[in-house]
Amino acid sequence: MAEFWTGLPNPLRTPVRLDGPYSCGAPAVGYPLFSRPVFAFRSNPDIPVVVASRLVAMASATSSKALLAATAGLLSSSTSSLVHRRPLTCSASTYHPRLAPYPPDLVRWVRREGGFLHPELRIADGGTDGFGLVAAGHIPKGTRLVALPEHLPLRLRWSDGAIGGADRSGSPLFELVNRVPGNALRSLFGAVFWIDLEEHPSLRTPLLSGSSKTVINAPAAQSSDTVAHILDLLLTPHPPTFLSFLFCPSHHVAEELWAMRLGLKLLHERAKSGSFWWPYISNLPEGFNIPIFFSGEDVKNIQYAPVIHQVNKRCRFLLDFEKMAKCMLEDVDPEDHPFCGQDVTSSSLGWAMSAVSSRAFRLHGETLQDGSGDVPMLLPLIDMCNHSFHPNALIVQEENNPDTLVVSEMSIEKDAPITLNYGCLSNDLFLLDYGFVMSPNPYDHVELKYDAILLDAASVAMGAAASSFSSPNDWQKEILSQLNLLGDGALLKVNLGGLELVDGRLLAALRVVLAENMETARQCDVNTLKSLPGEAPLGLSTETAALRTVIALGVIALQHFPTKLMDDESILKGNISDSMKLAVQFRMHKKSMIIDLMRELTRSVKMLSKETLTAVQS
Ligand SMILES: C[S@@+](CC[C@H](N)C(=O)[O-])C[C@H]1O[C@@H](n2cnc3c(N)ncnc32)[C@H](O)[C@@H]1O
């Protein structure tokens, strides 16, 4: 693990050859099967799957544009021979190579299997978005665009039969799938990454040493050093039990582990000769431009600890799972082997997990076995739709109709791409799971840790007469506990940005700790304290101090990025790799988001000053 992000090659990027059997359309010898995998399924926790006569699901996604130069060469050389046979792969396979150089025609396969694709739709190259479904003519609102019969989605399903086969309960594949931790990666890696400032006093500088003015005016070089130091700590093979005191890593890794479960099934079908899904699988991207496959340098280029932390955790999971799988499958009979006797590696596992996380949808399942009814599935053709926050189509499941449908939600013009909403996700998840970032993204935010020392410094720097985040009064402690920012099991992660702009719990805490009038604060309803718009619940001066403290947090957050926006802009103009481009775009969006937030709050503070003046004058 030591080599992970220390400049040596990322082991997940190592091209892997599976020389095992392939089904129709595959070459006789193996080709780089997992040359540069991805990540990204994501069920969207924010969008409930509605079980009703119409059941709307959400999607996920993938990136395929990042190619290994060698593979790109291989595929482009095969392109010309495909022109008349497979429109899907001929349009731009130089940039979006598929798993097999000669994949079967996906549309024809879906139709042959009883599926439907509207005659005015075609698969086309969407440029930087990869392939997509595009309207070849005008399509009215409410039109059925795609229908997939029940047997086409690729999903996990176990039979109880005693007959052999990977899909039976108790098979080695079943056992392997059940070894994917269902809970959190935390159980695997143990550490909860907080920075402990007492234990690591060096991290107090330059942010927390000296006068609070230093906090705000710390020279960029100094803060860069701090970030570099944190990154070094973060990237060490055995990270200490702290990590980010400013950007707070969250723990959403477990959610995408189910992608590994379905990924194992995908990998099984990929390795199996004559798989029913080969026409689908062979059309999947060969690789994914997602951070787990970035070089160590480009992971660092993300510059944002919570995401770097996630990348590290995911990679560790894959490396550990590789070891476990090898060990588990060592003595399995060849005919029972889920991958036809082939070794799985972290790279192949990463490819599979990424293919699922970037493309799978959670839909309503129809059997008891499906449990909650929220079942991840890979949906051939439907997963060709790219993402938009303002989609023109919807996935629909109808009662008494087992088909999975895509229906246009508005009138669609000729040449417009068919889009689905993958969910109201932050750019962290778009980057980690899908390999792209959205701009603008109203759901993007930065994760900070509620840290008393930092908040004291920030509020004093912004002119608060006194502040006592480090030593709150008993009544303040009571409210902070109610906000779950104090006490055992306190949840210290707070967000800046997103629809809420300032995390309600952070805002309430700021208002309470900076309150001038204890009685008003104690009597105020917690929900009122948490809400940004509307009246200043604890008076104009408390409100001003609270908002100014948030602005100071924004300044500090900005200073934690080693580069400035202007630097990033000029880096983007250079000749850089796709992964570096993505990393730089990601951090630029984060910075712009923080700047926009600070602007917005500055406007509010100005308004408050005017109100204060008016109040004094009258
Ligand atoms: C479900 S797949 C869609 C089909 C995919 N474009 C392909 O070539 O197979 C999701 C992937 O498409 C790309 N994608 C989808 N929506 C995008 C968007 N709005 N911007 C950039 N890339 C997008 C990303 O690579 C994402 O991981």
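Residues numbered from 1 in each chain as written. Predicted model: local features only at pLDDT ≥ 70, side-chain atom pairs only at ≥ 80, totals over all residues. Heavy atoms only, no water.

Concerning the overall build of the protein
Then comes step 1: The helix and strand tally for the protein stands at 21 helices and 14 strands.
Then comes step 2: Residue burial in the protein is summarised as follows: out of 618 residues, 58% are buried.
Then comes step 3: Within the protein, residue pairs in contact and separated by at least 24 positions form 75% of the contacts whose partners lie at least 6 positions apart.
Then comes step 4: Only carbon and sulfur atoms are counted for the fraction: they give 55% of the accessible area of the protein, which is about 24,500 Å². (Helix = DSSP H or I, 4+ residues; strand = E, 2+ residues; numbered from the N terminus. Buried < 20%, exposed > 50% of the residue type's maximum accessible area, 1.4 Å probe, protein only. Contact = heavy atoms within 4.5 Å. Areas by Shrake-Rupley, 256 points an atom, 1.4 Å probe, with all protein chains shown as cover.)

Things to note about the packing of helix α15 (residues 474–482) against helix α16 (residues 504–513)
Then comes step 1: At their nearest, the axes of α15 and α16 sit 10 Å apart, and the two run at 175° to each other. Classified by the interaxial angle, the pair formed by α15 and α16 is roughly antiparallel. Contact residues: W475, Q476, I479 and L480 in α15; A509, V512 and V513 in α16.
Then comes step 2: Residue composition of the contact of α15 with α16, grouped by class: six nonpolar, one polar and no charged. (Axes fitted to C-alpha atoms, helices over the stretch in contact; angles between N-to-C directions. Parallel < 35°, antiparallel > 145°, perpendicular 65-115°, else oblique. Nonpolar A, V, L, I, M, F, W, Y, C, P; charged D, E, K, R; others polar.)

Quick word on the pattern of salt bridges
Then comes step 1: Here the structure, examined in full by the defined rule, presents 18 salt bridges.
Then comes step 2: A salt bridge links R122 to D415; the nearest nitrogen and oxygen atoms lie 3.5 Å apart. Taken as a pair, R122 in strand β3 (residues 121–125) and D415 in the loop between β10 (401–408) and β11 (419–420) lie far apart in primary sequence, 293 residues in all.
Then comes step 3: Residue classification places R122 among the partly exposed residues on the basis of a relative accessible area of 36%.
Then comes step 4: Salt bridges sharing common partners tie together D167, K265, E269 and K272. (Salt bridge = Lys/Arg side-chain N within 4 Å of Asp/Glu carboxyl O.)

Looking at the pairing of strand β12 (residues 445–449)
Then comes step 1: Among the five residues of β12, five are classified as buried, and the element is accordingly described as predominantly covered.
Then comes step 2: Residues H445, E447 and K449 point to one face of β12 and V446 and L448 to the other, with burial holding for every one of them.

Some remarks on the environment of R144
Then comes step 1: Mapped onto the fold, R144 is located in strand β5 (residues 144–148).
Then comes step 2: Distance in space between the C-alpha atoms of R144 and V407 is 4.6 Å, their sequence separation being 263 residues.
Then comes step 3: Other than its neighbours up to four places away in sequence, R144 contacts F116, H118, E398, N401, L405 and V406.

With respect to the side chain of S468
Then comes step 1: As for its placement among the helices and strands, S468 is situated in the loop between α14 (452–461) and α15.
Then comes step 2: The contact partners of S468, leaving out residues within four places of it in the chain, are D456, Q476 and V513.

Quick word on the environment of L455
Then comes step 1: Inspection of the secondary structure assignment puts L455 in helix α14.
Then comes step 2: Its relative accessible area of 2% is what places L455 among the buried residues.
Then comes step 3: Separated by 95 residues in the primary sequence, L455 and V550 place their C-alpha atoms 8.9 Å from one another.

Focus: unusual backbone geometry
Then comes step 1: Cis rather than trans, the peptide bond between S439 and P440 has omega equal to 0°.
Then comes step 2: Its location among the elements puts P440 in the loop between α13 (427–434) and β12.
Then comes step 3: The backbone of N484 shows a phi angle near 60°, a positive value even though the residue is not glycine.
Then comes step 4: Within the secondary structure layout, N484 lies in the loop between α15 and β13 (493–497).
Then comes step 5: N484 sits in the partly exposed class, given a relative accessible area of 30%.
Then comes step 6: The backbone phi angle of L501 is positive, close to 70°, even though this residue is not glycine.
Then comes step 7: With relative accessibility at 24%, the residue L501 sits in the partly exposed group.

What to know about the packing of helix α11 (residues 305–329) against α13
Then comes step 1: The geometry of α11 relative to α13 is characterised by a closest axis approach of 11 Å and an angle of 30° between their N-to-C directions. Relative to α13, α11 is oriented roughly parallel. Judged by the sense of rotation from one axis to the other, the crossing of α11 with α13 is right-handed. Every residue of α13 that contacts α11 at V307, Q310, V311 and R314 is listed here: D428, L431, L432 and D433.
Then comes step 2: Taken together, the residues of the contact of α11 with α13 sort by class into four nonpolar, one polar and three charged. (Left-handed = near helix turned anticlockwise from the far one by under 90°.)

Some thoughts on the sheet that holds β13
Then comes step 1: Spatially, the three strands line up as an open sheet ordered β12-β13-β14, and their pairing is antiparallel. In this open sheet, the two strands that pair with only one neighbour each are β12 and β14 (501–502).
Then comes step 2: The pairing of β13 with β14 spans two bridges and is classified as antiparallel. In the strand pairing of β14, G497 is matched with L501.
Then comes step 3: Contacts from α16 reach β13 and β14 within the one sheet, and its direction differs from that of β13 by about 100°. (Pairing = 2+ DSSP bridges.)

Some thoughts on α11
Then comes step 1: Taking 1.5 Å of rise per residue, the 25 residues of α11 would be expected to cover 36 Å, and the 36 Å separating its terminal C-alpha atoms lies within 8% of that figure.
Then comes step 2: The element α11 is extensively covered by neighbouring structure, given that 20 of its 25 residues are classed as buried. (Expected span 1.5 Å × (residues − 1).)

Side note on the confidence of the model for the protein
Then comes step 1: For the protein, per-residue confidence averages 75 on the pLDDT scale, and 70% of positions sit at 70 or higher.
Then comes step 2: Scored below 50 in pLDDT, residues 248–253 shows 30 contacts in the model against residues more than four places distant or in partner chains. (pLDDT = per-residue confidence, 0-100.)

Details of the packing of aromatic side chains
Then comes step 1: In this structure the tally under the stated criterion is 13 aromatic pairs.
Then comes step 2: Considering the side-chain rings of Y422 and Y434, the 5.2 Å spacing of their centres and the 25° angle between planes classify their relative orientation as stacked. With Y422 in the loop between β11 and α13 and Y434 in helix α13, this residue pair connects regions lying 12 residues apart in the sequence.
Then comes step 3: Measuring from centroid to centroid gives 5.1 Å for F430 and F436, while their planes differ by 35°, and the two rings are tilted.
Then comes step 4: We classify F430 as buried; its relative accessible area is 0%. (Phe/Tyr/Trp six-rings, centres within 6.5 Å; stacked < 30°, edge-to-face > 60°.)

Description of the pairing of β3
Then comes step 1: Of the strand pairs in this sheet, β3 and strand β4 (residues 131–135) are connected by five bridges, and their pairing is antiparallel. Residue D125 lies in a different strand from β4, and its bridge partner there is F131.

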